[in-house]
2 protein chains.
Amino acid sequence: MEIKETTLETLEPKEFIADKIKEISSLVGDGLAVNALSGGVDSSVVTMLGFRALGKGLKTYFIENGLMRQDEPQKIVSLFKGLGVPVELFDARKQFFAALKGITDPEEKREAITQAFYKEVFGKLVKNSGAGFLLQGTNYTDIEETVAGIKRQHNILTQLGIDTVEQYGYTLIEPLIELRKPAVREIAKALGLPKEIYSRPPFPGPALAARVIGEATPERIEVVRKATKIIEEELSSTGAFQYLAILHEDKVTGIRNGKRDFGLQIEIRCWESSDAKTGSPTRLTYDILEGLAARITEDVPGVVSVTYNVTKKPPSTIEAV
Amino acid sequence: MEIKETTLETLEPKEFIADKIKEISSLVGDGLAVNALSGGVDSSVVTMLGFRALGKGLKTYFIENGLMRQDEPQKIVSLFKGLGVPVELFDARKQFFAALKGITDPEEKREAITQAFYKEVFGKLVKNSGAGFLLQGTNYTDIEETVAGIKRQHNILTQLGIDTVEQYGYTLIEPLIELRKPAVREIAKALGLPKEIYSRPPFPGPALAARVIGEATPERIEVVRKATKIIEEELSSTGAFQYLAILHEDKVTGIRNGKRDFGLQIEIRCWESSDAKTGSPTRLTYDILEGLAARITEDVPGVVSVTYNVTKKPPSTIEAV
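Draft legend 1. View of the overall build of chain A. Check the secondary structure of chain A and you find eleven helices and nine strands. In terms of overall size, chain A behaves like a compact globule, its C-alpha atoms giving a radius of gyration of 20 Å where 321 residues would be expected to give roughly 20 Å. If one aligns the C-alpha atoms of chain A with their principal axes, the spans along those axes are about 70 × 40 × 40 Å. Taking as baseline every contact in chain A between residues at least 6 positions apart, the subset at least 24 positions apart corresponds to 74%.

Okay, here's the thing in structure tokens:
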């Protein structure tokens, strides 16, 4: 099935929301649907649409995969509780780290996360709940990049010819499939979601596992989580499209207290972009850059070196993994 | 033996030159000394001092180790020929790459180069020439960093308790041992060496092998050589203390002609420093940085991503390996 993009110019948020609520209602009927909320704008919009369409007919899970930002699971669950939407926190850290063990290739890593998420964790949750439908926030850019073979987005299934009913036991509903990120943000606003959600910087599906080059062990995820916290604190006021910390596998020579310290390197990326299709590095001042390097090398154990990516997309991509 | 620094403030270049010429003459006498010229300011000064002291009693080699900048060996030999100093080009590429094969640890890499240089290549050259002395440009910073255990400088032997007479068959003479780089540059000027030499950015002893994280194969050295050429062309006018390209071992996801390209990353470093003891990143404009990234990703095969190091020394070091 060819999917046609609904651009920001042609989007009518209220109409879109009404249409999607109707669509979801008629597909699920009296049945049960589940969805996974990550706190990103895509899954937040899907949660709201699903909840408005189905009420108690929607069961929303927050899957704690061990790869999230610091305190993220608790924050998001309580934010949605405040909006009247019940979300169940499901601890799946063990399953995800087991799936990631020993894997260094980016595509294999993404595949391991896909399998852990859809089959191991979600497959069982859906089966136990008896739901026949899975709502998810796949968007237009995800499909485009996967189909072009640039990067396997974790949430692409149907478009790759995967029969979810046969493989995982549920039907997939993807209400955002014709929208790019800026349009999704408009819908989020129109749904009354707070700014914290609708202006949230994109965070990849494989979460911090995509921010670690090489194996994503709990220890390495913790390093990049600390660096991510610092970068988000320091760069949130820039208004940049996206900003991220990447932990390299390469080690570099540093110096601590006059002694050699063969340590870790963190790469910072901060993007100007409107749609993630192309991008250029934000022209951060050197005061900001050196301040980031100083905080990261002081506060994140083992890090002796910090770089800033200065390549455009293309030939770079937004994320490294 | 405790070595005392002669600072830029107390240095009298003409007096220093006269003293060192006298010292070298009296040590070598009617004997034969050899030295290796790399084209860096240290070895260039040593070559001039040795030539003035010994004339035909000095045999100068340029060791082509396969790790130099593009066209460097030929350029340097002909520059010194123009100054009346004969230099013999010695091709030792095979020996160096054999010594580096399979080695990824920075310290082991440095040790392999030290052994290849002093034992394999120089040991034989000295033996064949019958020389009893080796002149070399070890400076004060080299010793300091090695003794502190930060980084094993390739040219540190005596200070680590290595008996060169016993191990390699020659006595070491180190006329620059009490000077740091800025003082060496003053001596170079006073010796009438051209600006190309006395204001030359420092280049590490292990040359491009120190600019490659992981194994230094001929292919990987060629990648970093191409990037180095671009960086030196674009940054020579900045007046920075040192600028360099580093090839990472980590691979990152890029995009070429709409398709995924899992490729290489080059890290750029450009330093403001007076003595290499401390340093901060040069505040290059984004036009320069993005221009470098564009040229490198276009002209150096396989490279999809370029970063700029924004960390101070300490906790970073000038070089990565």
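Draft legend 2. Spotlight on the interface of chain A and chain B. Between chain A and chain B, the contact holds 51 residues from the first and 51 residues from the second. Summed over both sides, the interface of chain A with chain B buries roughly 4,200 Å², with 53% coming from carbon and sulfur. Of all residues in chain A, the largest losses of buried area upon contact with chain B belong to A:Ile255, A:Tyr286 and A:Val310, amounting jointly to 18% of the total for that side. Where chain A packs against chain B, one counts eight salt bridges. Note that A:Glu290 and B:Lys312 form a salt bridge whose closest N and O atoms lie 3.6 Å from each other.

Draft legend 3. Geometry of the packing of aromatic side chains. Scanning the entire structure with this criterion turns up eight aromatic pairs over all chains. Between A:Tyr61 and A:Phe122 the ring centres are 6.3 Å apart and the planes differ by 85 degrees, which places this aromatic pair in the edge-to-face class. Highlighted residues: A:Tyr61 in strand 2 (residues 58-64) and A:Phe122 in helix 5 (residues 106-129), separated in sequence by 61 residues. When its relative accessible area of 5% is taken as the criterion, A:Tyr61 is described as buried. Between A:Tyr308 and B:Tyr286, the ring centres sit 6.4 Å apart and the planes meet at 90 degrees, which makes this aromatic pair edge-to-face. One end of the pair, A:Tyr308, is in strand 9 (residues 303-309); the other, B:Tyr286, is in helix 11 (residues 286-299), on a second chain.

Draft legend 4. Structural context of the relation of the copies chain A and chain B. In the superposition of chain A on chain B (RMSD 0.0 Å, axial shift 0.0 Å), the rotation amounts to 180 degrees. Interpreted geometrically, this transformation is the action of a two-fold axis. Using C-alpha coordinates, one finds that chain A approaches the rotation axis most closely at A:Tyr308, a distance of 2.6 Å. A high fraction, 100%, of the interface residues of chain A reappear at the interface in chain B, so the copies pair face to face through one surface.

Draft legend 5. Up close: the sheet that holds strand 2 of chain A. Residues and elements named next belong to chain A. Read across the sheet, five strands follow the order 3-2-1-4-5 without closing on themselves; strand pairing throughout is parallel. The strands lining the two open edges of the sheet, one partner per strand, are strand 3 (87-91) and strand 5 (171-173). Taking each pair of neighbouring strands and ignoring which way they run, the sheet shows an average axis angle of 30 degrees. Strand direction decides the pairing type here: strand 2 and strand 3, joined by five bridges, are parallel.

Draft legend 6. Structural view of the environment of A:Gly263. Of note, A:Gly263 is situated in strand 7 (residues 259-272). In contact with A:Gly263, not counting residues within four places along its chain, are A:Asp250, A:Lys251, A:Val252, A:Gly302 and A:Val304.

Draft legend 7. Spatial organisation of the nonpolar core. The biggest cluster of nonpolar side chains holds 105 residues, and the ones touching the most others in it are A:Phe122, B:Ile63 and B:Phe122. Ignoring anything within four residues of it in the chain, the contact list for B:Phe122 reads B:Val34, B:Asn35, B:Ala36, B:Tyr61, B:Ile63, B:Ala116, B:Phe117, B:Leu134 and B:Tyr170.

Draft legend 8. Spatial organisation of the environment of B:Leu58. Residues and elements named next belong to chain B. On the secondary structure map, leucine 58 appears in strand 2 (residues 58-64). It is 17 Å that separates the C-alpha atoms of leucine 58 and leucine 191, two residues lying 133 residues apart in sequence. Look past the residues within four positions of leucine 58 in its chain and what remains in contact with it is Leu32, Ala33, Val34, Asn35, Thr47, Gly50, Phe51 and Leu135.

Draft legend 9. Molecular detail of the packing of helix 4 (residues 93-100) of chain A against helix 5 of chain A. Residue and element names in this part refer to chain A. Orientation of helix 4 relative to helix 5, taken along the N-to-C sense of each, is 145 degrees, at an axis distance of 9 Å. As helix 4 packs across helix 5, the resulting crossing turns out to be right-handed. Where helix 4 abuts helix 5, its residues Gln95, Phe96, Ala99 and Leu100 lie against Lys109, Ala112, Ile113, Ala116, Phe117, Glu120 and Val121. For the contact of helix 4 with helix 5, the class distribution of residues is eight nonpolar, one polar and two charged.

Draft legend 10. View of the packing of helix 2 (residues 41-54) of chain A against helix 8 (residues 181-190) of chain A. Residues and elements named next belong to chain A. Running from N to C, helix 2 and helix 8 cross one another at 40 degrees; their axes reach a closest spacing of 10 Å. On the basis of their axis angle, the class for helix 2 and helix 8 is oblique. As for the relative orientation of helix 2 and helix 8, their crossing is left-handed in sense. In this structure, helix 2 contributes Val41, Asp42 and Val45 to the contact, and helix 8 contributes Lys181, Val184, Arg185, Ile187 and Ala188.

Draft legend 11. Focus on helix 10 (residues 218-235) of chain B. The first and last C-alpha atoms of helix 10 of chain B sit 25 Å apart over 18 residues, in line with the 26 Å expected at 1.5 Å per residue. Those residues of helix 10 of chain B that sit buried are B:Arg220, B:Ile221, B:Val223, B:Val224, B:Arg225, B:Ala227, B:Thr228, B:Ile230, B:Ile231, B:Glu232 and B:Leu235.

Draft legend 12. Summary view of the layout of surface pockets. All names here are of chain B. Computed from the structure, the largest pocket encloses a volume of approximately 680 Å³. Taken together, 25 residues form the lining of the largest pocket, with Arg200, Pro201, Glu232, Ser236 and Tyr243 sitting closest to its centre. At five residues, the largest contribution of residues to the lining of the largest pocket is made by helix 10. A class-by-class count of the residues in the lining of the largest pocket yields six nonpolar, seven polar and twelve charged.

Cut-offs and rules
Residue positions are given per chain, counted from 1 along the sequence in the order it is written. Here chains are named by letter from A upward and ligands by number from 1 upward, in the order in which they appear as written. With pLDDT at 70 or above as the cut-off, local features in this predicted model cover only qualifying residues; side-chain atom pairs require 80 or more to be listed or tallied, and sums for whole chains, interfaces and linings still use all residues. Note that the side-chain values use all heavy atoms of the structure and ignore hydrogens as well as water. Think of it this way: any DSSP run of H or I at least four residues long counts as a helix, any run of E at least two long counts as a strand, and we number them from the N terminus. Only C-alpha atoms enter the radius of gyration; for comparison, a globular chain is expected to reach 2.2 Å times N to the power 0.38, where N is the number of residues. Note on contacts: a residue pair is in contact if any heavy atoms of the two residues lie within 4.5 Å. Buried area: the sum, over both parts, of the accessible surface (1.4 Å probe) that disappears when the two are put together. Take a side-chain nitrogen of Lys or Arg and a carboxyl oxygen of Asp or Glu: if they are within 4 Å of each other, that pair is a salt bridge. Only Phe, Tyr and Trp rings are paired, with Trp represented by its six-membered ring, and only when their centres lie within 6.5 Å; those with planes under 30 degrees apart are stacked, over 60 edge-to-face, the remainder tilted. Think of it in three bands: residues with accessible area under 20% of the maximum for their type are buried, residues over 50% are exposed, and the middle band is partly exposed, with areas taken using a 1.4 Å probe on protein chains only. Superposing copies: least-squares fit, C-alpha atoms only, residues required to have pLDDT of at least 70 in both. Pairing between two strands requires that DSSP report at least two bridges joining them. Interaxial angles span 0 to 180 degrees and are taken between N-to-C directions of axes, which are lines fitted to C-alpha atoms, for helices over the stretch in contact. Definition used in this section: a nonpolar core is a set of buried Ala, Val, Leu, Ile, Met, Phe, Trp, Tyr and Cys residues joined via side-chain atoms within 4.5 Å. By definition, any crossing whose near helix is turned counterclockwise from its far helix by less than a right angle is left-handed, and any crossing with a clockwise turn is right-handed. Think of it as three bins: nonpolar holds Ala, Val, Leu, Ile, Met, Phe, Trp, Tyr, Cys and Pro, charged holds Asp, Glu, Lys and Arg, and polar takes everything else, Gly as well. Any angle that is under 35 degrees is reported as roughly parallel, and any over 145 degrees as roughly antiparallel; angles of 65 to 115 degrees are reported as roughly perpendicular and all others as oblique. A helix's residues, less one, multiplied by 1.5 Å, set its expected span. With a 1 Å grid spanning the protein atoms alone, the term cavity applies to any set of points in which a 1.4 Å probe fits but cannot get out, the term pocket to an open set with protein on both sides within 12 Å along at least five of seven lines, and the term lining residue to any residue with an atom within 4 Å of a point. Grid points are joined across faces, edges and corners, and a volume is the space filled by probe spheres set on the points.

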